[in-house]
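# Chain and residue survey
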Amino acid sequence: MHLDSRLYLISPPQVPDLAAFAEAFKAALGAGDVASLQLRLKSADGSAVPDDDVLYAAEALMPIAQKNEVAFIINDRPDLVLKTGADGVHVGQSDASCKKARAILGDDATVGVTCHDSKHLALVAGEEGADYVAFGAFFPTKTKETKFKAETSLLEWWSYATTLPSVAIGGITPENCRPIVRAGADFLAVSSAVWDHPEGPAAAIKAFEKSISEA
Ligand SMILES: Cc1ncc(COP(=O)(O)OP(=O)(O)O)c(N)n1
Ligand SMILES: Cc1nc(C(=O)O)sc1CCOP(=O)(O)O
Ligand SMILES: [Mg+2]
């Protein structure tokens, strides 16, 4: 059976050395298939960096993404998507609504929505014009304080019931991703397992590709 989950990278919570991170990002992209990067400069407790830091990071990273045909998504902030010309936004249940993000950004932008462990939230997001729905957290994570635990049965149901792409997130690693791939997740959203991999991001991407292809 051909399983085709793709990687959706989430930036590290902080990028103190933008030049070094740009090199890490290039190394990741050179190692295998990556669908998108979400710029999410936000601590585990939810505190975000000043807007200028997001704008500087976008200025450095978006050309690398675009050169590699990788979608560049900004977390939380449709207004910063407009300012930077990024490809889209990811909004959560406490952020701008999907409808509002769509109204700000228009039909061509990508709008993704956090749906935690909820079929209902995902169906509403679909009705409001989301391009993908994100379920999580599948595993414990130190990247974000999470209150919800998603199960692979939700991904299975979603992929049978709808055609809208699903993103799985939360503590996903090359070692634990196989059941999520088998359950039909269209994308695996990953931060720490790529940027904190002991052998570097390129090795992480290769390890994910191996696990996905063997799932
Ligand atoms: C792909 C993806 N899925 C879920 C989230 C979490 O969004 P949210 O609940 O708004 O939390 P923050 O990321 O804003 O802290 C995400 N960012 N990306
Ligand atoms: C940003 C985010 N959202 C989550 C959710 O469950 O909605 S879990 C999470 C953190 C993802 O990072 P890592 O791959 O390091 O666990
Ligand atoms: Mg958010």
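Above this text sits the structure in question.
Small disclaimer: the values here were computed from a predicted structure and weren't measured.

### Here's the deal with the overall build of the protein
Per the secondary structure count, the protein includes nine helices and eight strands. A globule of 215 residues ought to have a C-alpha radius of gyration of about 17 Å, and the protein, at 16 Å, matches this closely. Along the longest, intermediate and shortest principal axes, the C-alpha atoms of the protein span 40 × 40 × 30 Å. Put simply, the protein has 215 residues, and 48% of those count as buried. Excluding contacts between residues fewer than 6 apart, the proportion of contacts in the protein whose partners are at least 24 apart in sequence is 58%.

### Details of the packing of aromatic side chains
All told, the structure shown has five aromatic pairs when counted by the stated rule. When the centroid spacing of 5.6 Å and the interplanar angle of 80° are considered together, the rings of Tyr8 and Tyr132 count as edge-to-face. Here Tyr8 is found in strand β1 (residues 6-10), whereas its partner Tyr132 is found in strand β6 (residues 132-136), with 124 residues between them in sequence. A single burial state applies to Tyr8 and to Tyr132, both of which are buried. When the centroid spacing of 5.8 Å and the interplanar angle of 70° are considered together, the rings of Phe135 and Trp158 count as edge-to-face.

### As for the pattern of salt bridges
Pairing between side chains of opposite charge can happen when the charged atoms of each approach one another. Enumeration according to the criterion identifies nine salt bridges in this entry. Residue Glu23 is joined to Lys26 by a salt bridge in which the shortest nitrogen-to-oxygen separation is 3.2 Å. Of this pair, Glu23 and Lys26 both sit in helix α1 (residues 18-31), three residues apart, which is roughly one turn of that helix. The closest approach of N and O atoms between Lys210 and Glu214, which form a salt bridge, is 3.0 Å. Of this pair, Lys210 and Glu214 both sit in helix α9 (residues 201-214), four residues apart, which is roughly one turn of the helix. Judged by relative accessible area, Glu214 falls into the partly exposed class, the value being 43%. Through salt bridges with shared partners, a single network forms among Asp51, Arg77 and Asp79.

### A short note on α9
Between its first and last C-alpha atoms α9 spans 20 Å; for 14 residues at 1.5 Å apiece the expected length is 20 Å, and the two agree. Taken together, the buried positions of α9 are occupied by Pro201, Ala204, Ile205, Phe208, Ser211 and Ile212. All buried residues of α9 project into a common sector of 130° when viewed along the axis, lining one side. Summarising the geometry of α9, the exposed residues directed more than 90 degrees from the buried face are Lys206, Lys210 and Ser213. If you follow the buried residues of α9, they end up packed against β1, α1, β2 (34-39), α7 (178-182), β8 (187-190) and α8 (192-195).

### Some words on the sheet that holds β6
Strand order in the closed barrel formed by eight strands is β1-β2-β3-β4-β5-β6-β7-β8, and the pairing between neighbours is parallel. The average undirected angle you get between the axes of adjacent strands in this sheet is 25°. Here strand β5 (residues 110-114) runs beside β6; their pairing, made up of three bridges, is parallel. Looking at β6, one finds that Val113 is bridged to Val133.

### Quick look at α1
An ideal rise of 1.5 Å per residue puts 20 Å on 14 residues; α1 measures up with 20 Å between its terminal C-alpha atoms. Among the residues making up α1, those that are buried are Phe21, Ala22, Ala24, Phe25, Ala28, Leu29 and Ala31. On the buried face of α1, the contacting elements are β1, β2, α2 (51-67), α8 and α9. With a side-chain oxygen lying 3.3 Å from the backbone nitrogen of Ala19, the N-terminal cap of α1 falls on Asp17.

### Some remarks on the site of ligand 2
The full set close to ligand 2 counts 13 residues, and Thr141, Thr143, Gly171, Ser191 and Ser192 are the nearest of them. Here an oxygen atom of ligand 2 and a backbone polar atom of Ala137 are 3.3 Å apart. Thr141 places a side-chain nitrogen or oxygen 2.6 Å from an oxygen atom of ligand 2. If you map ligand 2 onto the pockets, it falls in the largest pocket. Split by residue class, the shell around ligand 2 holds three nonpolar, eight polar and two charged.

What counts and what doesn't
Residues numbered from 1 in each chain as written. Chains lettered and ligands numbered in written order. Predicted model: local features only at pLDDT ≥ 70, side-chain atom pairs only at ≥ 80, totals over all residues. Heavy atoms only, no water. Helix = DSSP H or I, 4+ residues; strand = E, 2+ residues; numbered from the N terminus. Rg over C-alpha atoms; globule rule 2.2 N^0.38 Å. Buried < 20%, exposed > 50% of the residue type's maximum accessible area, 1.4 Å probe, protein only. Contact = heavy atoms within 4.5 Å. Phe/Tyr/Trp six-rings, centres within 6.5 Å; stacked < 30°, edge-to-face > 60°. Salt bridge = Lys/Arg side-chain N within 4 Å of Asp/Glu carboxyl O. Expected span 1.5 Å × (residues − 1). Arc of directions from axis to C-beta. Pairing = 2+ DSSP bridges. Axes fitted to C-alpha atoms, helices over the stretch in contact; angles between N-to-C directions. Polar contact = N/O pair within 3.5 Å; in protein donor to acceptor, adjacent residues only side chain to side chain. Near = heavy atom within 4 Å. 1 Å grid on protein atoms, 1.4 Å probe; cavity = no way out; pocket = protein on both sides within 12 Å on 5 of 7 lines; lining within 4 Å. Sits in = over half its atoms within 2 Å of the grid points. Nonpolar A, V, L, I, M, F, W, Y, C, P; charged D, E, K, R; others polar.

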